[in-house]
Amino acid sequence: MKVYITRKIQSKAIKYLRENGLTVSVYKEDKPIPKNILMKNVKNVDALIPLLTDKIDKEVIDNMNKCKIIACYAVGYENIDVKYAKRKNIIVTNTPDVLTDSTADLAMALALACSRRLFESRKLIDDGKFKHWKPDLLLGYEIKDKIFGIVGAGRIGEATAKRAYAFGAKIFYYSRSVNMKMEKELKAKKVSLNKLLETSDFISLHVPSNKETYHLINKDNLKLLKPNAILINTARGNIVDENELVKFLKKGKMFSVGLDVYEHEPKIHHELLKLKNVVLAPHIGSATVEARTAMAMLASRNVVSVLNGKKPITPV
Ligand code: NAP
Ligand code: GLV
Ligand code: GLV
């Protein structure tokens, strides 16, 4: 049976697939696979491992003659037409949990880089402006005793809350359901989105991208933010209205922003690049050796399981 992978993933996983008797083909170029090549290559495969940059829409799915599983190398799966795949009896899996700590670490890294102005610090040194220690050089804020607002109290939201709590923050969260573990262990308090935005010093986004969360942070509610607010987005770019965020930042209405994801990825709003209180990362939430190896292995284990007639390990 054949597996197609749309980019070179960790070799341990490819070895594992081959050891399980599968014929593995990989798109070899170092760029997202063009649609026509994807269409051609999904035709006769039994399993597909795509990246989050590949749009697996009706057209691609209709081109699959015998595919049994689409095993995403990501936890977010808004790039896949899951409903249509289901109609075609194709199982879709993702890679939850294994990238949770990695992504929560990055959310905290961005929170600290923003609150302690790390990139402005580096620039000051590069510009030759570090002349002497002084009482008001690059003052930022501490996390201790601040309100840390989590939007989307799922796996990564909870792991980020845990870290912020360890730093001494009070945790607020906004989610549709109650997260009992966070309430018990972190004394977290569930609040409305507006209340979270108007009271939090740090706001970290962790909802998936879907119709309901599109521009969840927008012109109307950005104005609720405190002047010292720090907004972190490691979820998906279109959860924030990026144009409105830029306007808001330019007016100096908040302290800073830390972004790992963008509304028109990989394009970054040109004005974001000019603002000094913005920390930017190129979608590296899960980019640790540990997480990426585990993601490759989990996607592959899902493939092997389903092609052996067993249940998927992590179906979406
Ligand atoms: P998850 O466990 O499913 O958590 C998402 C949480 O969001 C859920 O617990 C859900 O809680 C809440 N939610 C969903 N829809 C909502 C809505 N309309 N309003 C309010 N809350 C809503 O997912 P996860 O594993 O934490 O991953 C979260 C997202 O992070 C992924 O979908 C992905 O887009 C992103 N991500 C990014 C990176 C990166 O590299 N930057 C890495 C990994 C993941 P309720 O059901 O209670 O509302
Ligand atoms: C990364 O962004 C993921 O969804 O896994
Ligand atoms: C700072 O370096 C201090 O010693 O307080």
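Before reading on, note that the structure itself is shown above.
Here the structure is a predicted model, which is why all the values come from computation and not from measurement.

Conventions we followed
What you see as residue numbers is a count from 1 along each chain, following the sequence as written. The naming scheme follows written order: chains are lettered A onward, ligands numbered 1 onward. Per-residue local features of the predicted model are confined to residues with pLDDT of at least 70, and side-chain atom pairs are confined, for both listing and counting, to 80 or more; whole-chain, interface and lining totals are unaffected and use all residues. In computing side-chain values, all of the structure's heavy atoms are included and hydrogens and water are not. Helix numbering and strand numbering both begin at the N terminus, where a helix is a DSSP run of H or I of at least 4 residues and a strand a DSSP run of E of at least 2. For the radius of gyration, the atoms used are the C-alpha atoms, and the globule rule reads 2.2 Å times the number of residues raised to 0.38. For the exposure calls, accessible area comes from a 1.4 Å probe over protein chains only, and a residue counts as buried if that area is under 20% of its type's maximum, exposed if over 50%, partly exposed in between. By definition, residues are in contact when any of their heavy atoms lie within 4.5 Å. Here a residue counts as near a molecule or strand whenever at least one of its heavy atoms sits within 4 Å of it. Any pair of N or O atoms that falls within 3.5 Å is considered a polar contact. Within protein, one atom must be able to donate a hydrogen and the other to accept it, and sequence-neighbouring residues count only if both atoms are side-chain atoms. Working definition of accessibility: Shrake-Rupley area with a 1.4 Å probe, residue cover restricted to the visible protein chains. All amino acids are sorted into three groups, where Ala, Val, Leu, Ile, Met, Phe, Trp, Tyr, Cys and Pro are nonpolar, Asp, Glu, Lys and Arg are charged, and the leftover types, Gly among them, are polar. Think of a 1 Å grid over just the protein atoms. A cavity is a set of points where a 1.4 Å probe fits yet cannot get out, a pocket is an open set with protein on both sides within 12 Å along at least five of seven lines, and lining residues have an atom within 4 Å of a point. Grid points are joined across faces, edges and corners, and a volume is the space filled by probe spheres set on the points. Following DSSP output, two strands are said to pair if at least two bridges run between them. The axes are straight lines fitted to the C-alpha atoms, using for helices just the contacting stretch, and the angles between their N-to-C directions are given from 0 to 180°. Regarding the arc, it is the one traced by the directions from the helix axis to the C-beta atoms. For a crossover, the right-handed case is the one in which the path from the first strand over the helix to the second runs clockwise, viewed with the strands pointing away from the viewer. Each Phe, Tyr or Trp ring (for Trp, its six-membered ring) is paired with any other whose centre lies within 6.5 Å, and the angle between the two planes then decides the class: stacked below 30 degrees, edge-to-face above 60, tilted in between.

Undergrad: Before we move on, can you summarise the overall build of the chain with the specific residues and values?
TA: When its secondary structure is counted, the chain shows twelve helices and twelve strands. A compact globule built from 316 residues would reach a C-alpha radius of gyration of about 20 Å, and the chain, at 21 Å, matches this within 12%. Projected onto its principal axes, the C-alpha coordinates of the chain cover approximately 65 × 45 × 35 Å. Residue burial in the chain is summarised as follows: out of 316 residues, 53% are buried. At a minimum sequence separation of 6, the contacts of the chain that also span at least 24 residues come to 58%.

Undergrad: Could you give an account of the site of ligand 1, naming the residues involved and the relevant values?
TA: The environment of ligand 1 is made up of 25 residues, and the closest members are Ile 156, Arg 176, Ser 177, Thr 234 and Asp 260. Interatomic distance of 3.3 Å between a side-chain N/O atom of Arg 236 and an oxygen atom of ligand 1. Against a free-state accessible area of 920 Å², the protein chains account for coverage of 88% of ligand 1. Across the shell around ligand 1, the residue classes break down as eight nonpolar, twelve polar and five charged.

Undergrad: Which residues make up empty space enclosed by the protein, and what values go with them?
TA: Using a probe with the size of a water molecule, rolled over the atoms, empty space left in the structure can be pinpointed. As enumerated under the stated definition, the model contains two cavities of 30 Å³ or more in all. Each pocket or cavity is described by its volume, and for the largest cavity that value is around 40 Å³. As for the largest cavity, its lining consists of Asn 233, Gly 237, Val 240, Glu 242, Leu 245, Leu 259, Val 261 and Glu 263. Taken together, the residues of the lining of the largest cavity break down into four nonpolar, two polar and two charged. The calculated volume of the second largest cavity comes to roughly 30 Å³. In terms of lining residues, the second largest cavity is bounded by Glu 158, Lys 162, Lys 181, Met 182, Glu 185 and Leu 186. Per-element accounting of the lining of the second largest cavity gives the leading share, four residues, to helix α8 (residues 180-186). Tallied by class, the residues present in the lining of the second largest cavity amount to two nonpolar, no polar and four charged.

Undergrad: Could you give me a rundown of the sheet that holds strand β12 (residues 278-280), with the residues and numbers involved?
TA: As summarised here, the arrangement of the seven strands in space is β8-β7-β6-β9-β10-β11-β12, forming an open sheet in which the pairing is parallel. In this open sheet, the two edge strands, each paired with only one partner strand, are β8 (189-190) and β12. In this sheet, strand β7 (residues 170-174) lies alongside strand β6 (residues 147-151) in parallel orientation, the contact comprising five bridges. Residue pairing across strands places Ile 150 opposite Tyr 173, the latter belonging to β7. Running at roughly 150° to strand β10 (residues 230-233), helix α5 (residues 100-115) makes contact with β6, β9 (202-205), β10, β11 (256-259) and β12 of the sheet.

Undergrad: Quick one: what's the story with unusual backbone geometry, residue by residue and with numbers?
TA: Omega for the peptide link from Glu 265 to Pro 266 comes to 0°, which places this bond in the cis form. On the secondary structure map, Pro 266 appears in the loop between β11 and β12. A positive phi angle, close to 50°, is found at Lys 187, a residue other than glycine. Tracing the chain through its elements places Lys 187 in the loop between α8 and β8. A positive phi angle is found at His 215, which is not glycine, with a value near 50°. Mapped onto the fold, His 215 is located in the loop between β9 and α10 (219-222).

Undergrad: Any details on helix α2 (residues 35-42)? Residues and values, ideally.
TA: For α2, every residue scored as buried is listed here: Leu 38, Met 39 and Val 42. An end-on view of α2 places all buried positions within 100° of arc, on one side of the element. Every exposed residue of α2 that faces more than 90 degrees away from the buried side is listed here: Asn 36 and Lys 40. Turning to α2, the residues buried within the fold contact β3 (47-49) and α3 (58-62).

Undergrad: Account for the pairing of strand β2 (residues 23-26), naming residues and giving values.
TA: Side chains Val 24 and Val 26 of β2 all project onto a buried face; the interleaved residues Thr 23 and Ser 25 project onto a face where none is buried. Pairing of strand β1 (residues 2-5) with β2 involves four bridges; the strand directions are parallel. What sits directly across from Tyr 4, in β2, is Ser 25. Regarding topology, helix α1 (residues 11-19) serves as the crossover connection from β1 to the parallel β2, and that connection is right-handed.

Undergrad: Can you tell me about the packing of aromatic side chains, naming the residues and giving the values?
TA: Following the criterion strictly, the structure yields two aromatic pairs and no others. Between Tyr 141 and Phe 255 the ring centres are 5.0 Å apart and the planes differ by 80°, which places this aromatic pair in the edge-to-face class. Of this pair, Tyr 141 sits in the loop between α6 (118-126) and β6 while Phe 255 sits in the loop between α11 (242-250) and β11, placing them 114 residues apart in sequence. Residue classification places Phe 255 among the buried positions, given a relative accessible area of 19%. Judged by centre distance (5.3 Å) and plane angle (10°), the ring pair of Phe 148 and Phe 202 falls under stacked. With Phe 148 in strand β6 and Phe 202 in strand β9, this pair connects stretches of sequence that are 54 residues apart. Phe 202 shares its class with Phe 148; the two are buried.

The analysis is restricted to geometry; functional conclusions fall outside its scope.
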